[in-house]
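Architecture at a glance
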Amino acid sequence: MSGPGKPLTDIGVVALLLGVAALVAWDLTHLSGAYAQRGPVGPAAIPSVVVGLLVLCAALLTVEIIRGRAQSRAGEGGESGTQDGGESGTQDGGTHDGDGSGTHESDDEERDRSGGWKTAVVLAGALVLTIALIEPAGWVIAGGLLFWLSCYALGSRHQLRDLAVAAGLALGSFYLFDAGLGIHLPAGVLQGIL
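Residues numbered from 1 in each chain as written. Predicted model: local features only at pLDDT ≥ 70, side-chain atom pairs only at ≥ 80, totals over all residues. Heavy atoms only, no water.

Per an unreviewed UniProt entry, the protein is named Tripartite tricarboxylate transporter TctB family protein, and its organism is Nonomuraea cypriaca.

Structure below.
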């Protein structure tokens, strides 16, 4: 665990996962039988898998939270402020400047703490932009922007490659839903082209 608020944030994510799983499970109980069933898989199959995966992710994250707390308690037990020869220094991988002051926090931890909010804001903005553009621009453009901005928010700086992958994912998912599942996503400005 890298910061004092980290366990609380992780517990919040577990609660969110379980809440979404409960919402989808509740919605499954209200699924009417009027939906057309294609083949052996009915309309409740995929949502049931999603519920199972959400609960599994919540359980695995809970185990990681418990392990992290146990490891941090074990790490606090036997540490002293000196290294082998009695010199004072840092034991936790921080840097030692030579003037007696050491930083107890690595640059990665500092970047992670400040960058977490930036990542969340960019991802939330990408989602809002997708919601706003999906009808007028269509899924291929809105989904492509969603995929591309998600790559950027998560740290990729290969703009052209990410744009090509995003376009491929958007087009592929459009045709998968349209031809494979019979679900028509909005084409928007590409109506006559797709």
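**Digging into the environment of Leu185**
Stated precisely, the cut-off is as follows: Per the convention used, a helix needs a DSSP run of H or I reaching at least four residues, while a strand needs a run of E reaching at least two, with both numbered from the N terminus. The contact rule is simple, with two residues in contact once any of their heavy atoms fall within 4.5 Å.
Position of Leu185 among the secondary structure elements: in the segment after helix 5 (159-181). For the pair formed by Leu185 and Gly138, sequence separation is 47 residues and the distance between their alpha carbons is 7.6 Å. Not counting chain neighbours up to four residues away, the residues in contact with Leu185 comprise Trp139, Ser173, Phe174 and Phe177.

**Side note on the side chain of Ser156**
The test is simple: Relative accessibility under 20% of the residue-type maximum defines a buried residue, over 50% an exposed one, and the middle range a partly exposed one, all with a 1.4 Å probe and only protein chains included. Identification of polar contacts relies on pairs of N or O atoms within 3.5 Å, with a donor-acceptor requirement for protein atoms, meaning one able to donate a hydrogen and the other able to accept it, and with residues adjacent in sequence counted only if both atoms are side-chain atoms.
Mapped onto the fold, Ser156 is located in the loop between helix 4 (139-153) and helix 5. Relative accessible area serves as the criterion here: at 17%, Ser156 is assigned to the buried category. Polar contacts involving the side chain of Ser156 include one to the side chain of Asp162, which spans 2.6 Å. With near-sequence residues (within four places) excluded, Ser156 lies in contact with Cys151, Arg161 and Asp162.

**Re the environment of Val55**
Inspection of the secondary structure puts Val55 in helix 2 (residues 45-77). Taking the C-alpha atoms as reference points, Val55 and Leu18, separated by 37 residues in sequence, lie 6.2 Å from one another. Not counting residues up to four positions away in its chain, the partners in contact with Val55 are Leu18 and Ala21.

**Brief notes about the UniProt feature "transmembrane region" (unreviewed entry) in the protein**
Basically, it comes down to this: UniProt positions are given in the numbering used here, feature names are shortened, and annotations may be inferred rather than shown by experiment.
According to UniProt, the positions carrying the feature "transmembrane region" (unreviewed entry) are residues 7-26, 46-66, 115-133 and 163-185. Annotated as residues 46-66, this span is 100% helix and 0% strand, and its ends, taken at the C-alpha atoms, are 30 Å apart. Structurally, residues 163-185 comprises 83% helix and 0% strand, and the distance from its first C-alpha atom to its last is 21 Å.

**Quick notes on the pattern of salt bridges**
For side chains of opposite charge, pairing can occur when their charged atoms come near one another. Quick note on the threshold: The term salt bridge refers to a pairing of a side-chain nitrogen on Lys or Arg with a carboxyl oxygen on Asp or Glu at a separation within 4 Å.
Counting across every chain of the model gives two salt bridges. Note that Glu64 is salt-bridged to Arg67, the shortest N-O span being 3.5 Å. Highlighted residues: Glu64 and Arg67, both in helix 2, separated by three residues, approximately one helical turn. Take Glu64: its relative accessible area is 44%, and that puts it in the partly exposed class.

**Here we look at a nonpolar patch on the surface**
Basically, it comes down to this: Patch definition: residues with relative accessible area over 30% and no salt bridge; like charges joined within 9 Å; nonpolar side chains (Val, Leu, Ile, Met, Phe, Trp, Tyr) joined within 5 Å. Each accessible area value is a Shrake-Rupley result obtained with a 1.4 Å probe; residue values ignore everything except the protein chains displayed when judging cover.
Together, Val49, Leu53, Leu56 and Leu60 line one region of the surface with nonpolar side chains, adding up to about 370 Å² of accessible area. Looking at where Leu60 falls in the secondary structure, it is placed in helix 2. Look at Leu60 and you get exposed, because its relative accessible area is 51%.

**Topic: the packing of aromatic side chains**
Heads up, the rule is: For Phe, Tyr and Trp, where Trp contributes only its six-membered ring, two rings pair if their centres lie within 6.5 Å, and the inter-plane angle classes them as stacked under 30 degrees, edge-to-face over 60, or tilted in between. Whether a charge sits over a ring depends on NZ of Lys or CZ of Arg being within 6 Å of the ring centre and within 35 degrees of the ring normal.
In total, this model carries two aromatic pairs according to the counting rule given. On the numbers, 6.1 Å between centres and 85° between planes, the contact of Trp139 with Phe147 is edge-to-face. When the ring of Phe174 is compared with that of Tyr175, the centres are 5.4 Å apart and the planes differ by 85°; the resulting orientation is edge-to-face. Take Phe174: its relative accessible area is 5%, and that puts it in the buried class. Geometry around Tyr152 places Arg157 over its ring, the cationic atom sitting 4.1 Å from the centre.

**Remarks on the nonpolar core**
Cut-off, in case you're wondering: To define a nonpolar core, start from buried Ala, Val, Leu, Ile, Met, Phe, Trp, Tyr and Cys residues and group those joined through side-chain atoms within 4.5 Å.
In terms of nonpolar packing, the biggest core is built from seven residues, these being Val14, Leu17, Ala21, Val51, Leu54, Ala58 and Ile65. Where this core is concerned, the elements lending two or more residues are helix 1 (6-29) and helix 2. The element that contributes the greatest number of residues to this core is helix 2, accounting for four residues. By size, the runner-up hydrophobic cluster in this structure holds five residues, among which are Trp139, Ala170, Phe174 and Ala187.

**A word on helix 5**
Cut-off, in case you're wondering: Multiply 1.5 Å by the residue count of a helix minus one, and that product is the helix's expected span.
Under the 1.5 Å per step criterion, the end-to-end length of helix 5 is 31 Å for 23 residues, consistent within 8% with the ideal 33 Å. Here helix 5 has its buried residues at Asp162, Ala166, Ala170, Ser173 and Phe174. Looking at the buried residues of helix 5, the elements they touch are helix 4. Downstream of helix 5 by a residue or two, Gly182 has a phi angle that is positive, lying close to 75°.

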